[in-house]
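Notes for the structure review
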Amino acid sequence: VCPTGAIIPKSEINEVWNDLQDEKSKVVIQIAPAVRVALGEMFGLPPGEVVTGKMVRALRMMGFDRIYDTAFAADLTVVEEAAEFLKRSEAGEGPLFTSCCPAWVKYAEQSLPRQLPNLSSCMSPQSMMGSLLRHALPEELSIEPEHLKIVSVMPCTAKKFEKKRPELSRDGLPFVDHVITTRELGTMIRESGIMLDRLDADNFDLPFGFASHLGVGFGSSGGVAEAVLNYLDPEGCSGRIHWETVEDLSGVRKTTAVIGGKAFSVAVVQGIKSAAAIAKMVQSGEISLDLIEVMACPGGCAGGAGQPVDRTGEKRLARVKAVRSAAPAEGVRHAGVNPFVREVYTHMLGCDPGEGEAHRLFHTTYHSRKRIDGMDIRLTGPSGAEAR
Ligand code: SF4
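What this report covers is the structure whose coordinates are included nearby. Computed from a predicted structure; not experimentally measured. The written sequence of each chain sets the order in which its residues are numbered from 1. Where local features are concerned, this predicted model is filtered to residues with pLDDT of at least 70; where side-chain atom pairs are given and counted, the filter is 80 or more; whole-chain, interface and lining totals use all residues.

1. Some remarks on the overall build of the chain
To keep it simple, the criterion reads: In this text, helices come from DSSP runs of H or I with a minimum length of four residues, and strands from runs of E with a minimum of two, each type numbered from the N-terminal end. This radius of gyration counts C-alpha atoms alone. The globule rule is 2.2 Å times how many residues there are, raised to the power 0.38. Whether a residue is buried, exposed or partly exposed is read from the other C-beta atoms within 10 Å of its own C-beta, which are placed from the backbone; 20 or more gives buried, 12 or fewer gives exposed, and intermediate counts give partly exposed. Residue pairs are scored as contacts if the distance between their C-beta atoms, which are placed from the backbone, is within 7 Å.
If you tally the helices and strands in the chain, you get 13 helices and 15 strands. Relative to the compact-globule value of 21 Å for 388 residues, the chain shows a C-alpha radius of gyration of 20 Å, a close match. Counting only residues that meet the buried cut, the chain has 52% of its 388 residues in that class. Taking contacts inside the chain between residues at least 6 apart in sequence as the whole, the part at least 24 apart equals 73%.

2. Observations concerning the environment of arginine 253
Within the secondary structure layout, arginine 253 lies in strand S9 (residues 252-259). For the pair formed by arginine 253 and alanine 83, sequence separation is 170 residues and the distance between their alpha carbons is 23 Å. The contact partners of arginine 253, leaving out residues within four places of it in the chain, are Gly222, Trp243, Glu244, Thr245, Val246, Ala267 and Val268.

3. A word on the site of the ligand
For clarity, the threshold we go by: Placing a C-beta atom from the backbone of each residue, we mark the residue near a molecule or strand if the atom is within 6 Å of it. Amino acid classes used here: Ala, Val, Leu, Ile, Met, Phe, Trp, Tyr, Cys and Pro are nonpolar; Asp, Glu, Lys and Arg are charged; the rest, including Gly, are polar.
Around the ligand sit Cys101, Pro102, Ala103, Pro155, Cys156, Ala158, Met295, Ala296, Cys297, Gly300, Cys301 and Gly304, and those are all the residues in its vicinity. Taken together, the residues that form the shell around the ligand break down as 10 nonpolar, 2 polar and no charged.

4. Examining the sheet that holds strand S8 (residues 244-245)
Filter applied, for reference: Pairing between strands is defined by DSSP: at least two bridges between them are needed. Where helices are involved, their axes are fitted lines through C-alpha atoms of the stretch in contact, as for all axes, and angles between N-to-C directions lie from 0 to 180°.
Read from one edge of the open sheet, 5 strands run S3-S11-S10-S9-S8, paired in mixed fashion. In the strand order of this sheet, the two ends are held by strand S3 (96-97) and S8, each with one partner. In this structure, strand S10 (residues 262-270) lies alongside strand S11 (residues 291-295), joined through 5 bridges in parallel fashion. When the bridges of S11 are listed, alanine 267 appears paired with isoleucine 292. Its contacts with the sheet place helix H9 (residues 223-232) against S9, S10 and S11, and it is angled at close to 145 degrees to S11.

5. Observations regarding the nonpolar core
Selection criterion: Each nonpolar core comprises buried Ala, Val, Leu, Ile, Met, Phe, Trp, Tyr and Cys residues, the members being joined through C-beta atoms within 7 Å.
Counting residues in each nonpolar core, the largest one holds 112 residues, and the members touching the most others are Val28, Ile29, Trp104, Val228 and Ile278. Here the element with the most residues in this core is helix H3 (residues 70-90); it accounts for 9 residues. If we skip the residues at most four places from it in the chain, tryptophan 104 touches Ile272, Ala275, Val294 and Ala296.

6. Some details on the packing of H3 against helix H12 (residues 339-349)
Put simply, the rule reads: Handedness of a crossing is defined here by the sense of rotation of the near helix relative to the far one, left-handed for an anticlockwise turn of less than a right angle and right-handed for a clockwise turn.
Where H3 meets H12, the closest approach of the two axes is 10 Å, and the angle between their N-to-C directions is 65 degrees. Crossing hand, H3 versus H12: right-handed. Judged by residue contacts, Phe72, Asp75, Leu76 and Val79 of H3 engage Phe340, Val341 and Val344 from H12. Of the residues contributing to the contact of H3 with H12, the split by class is 6 nonpolar, no polar and 1 charged.

And the structure:
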């Protein structure tokens, strides 16, 4: 069951069409890693076929003013999360749970209030990208901030909940105006009369359209942990990380990584049930972990609820495999060697990861919450970056 209550998601297709027709607006779109390995299924292509270039061409034909890659923001997430991880480790603070998955974040807010201080204060890549675009684009495009419309294409229905979080907005403007799923994008492309399978390839816009190989890897389970470990220790992790299954805990894999001479226990968790079990074990001291990646969907985002229907799980397996090879820049393996990530910190923000402007733009807070009489009620003040 989707803990975000987003199982009957509202389609925002009409709102996106309206924005595209509004002459005063500039409409910018970002696309999550897992979308590119599933969208082709809606046009008769096999599951796992990488359609990045065709998808970008279709979006340009539909009238979007800028087309960016959420995997670039995944690289930013890696840089910020690595800084947070090292800071907490030096301070001897407890394990760090990832926070990219809004279904997991909401579950933690509802059911694991004691773990909220251990939830990474990094925004998800979707929200980091939105926050960065709100910061950078009005001046670049010479428009009033309210005329910048930001659309996300996500494999995920829970992202529709995430974009409504009040803390993911600035000066009254949400970081993301509309979230559409992979299926909804397929519908819009069809409504435009575009035959995606017959298009030539196009490229994302720069600078926010260039992602590392492992940034694109966020689209499958294990991708976040692998990207963070590679960023922290590129030499040690240059081969594939060896994950071991954890006995009696389905959906959980574990590894030990040595970074700067220190050994860290890292776990990757698929599914809310397994995440709840791990959190309980962490709380009781039954297991000792330093970094825990949690994704609510089987296989991670490649198997998200916004992807084309997959009754047997076979399509998901093909997508998971494809995500690993979907990055165009094989030479740029991790966020630390993405030149555009460096440019953001050096020229745009003027600070180190996790500091000053980067902290203001890329970090958030969490609140314990309950559902009372069908209403979503926040019970506490913020727990996260501001609370620390
Ligand atoms: Fe959304 Fe599922 Fe990915 Fe979580 S794992 S972000 S719920 S698609």
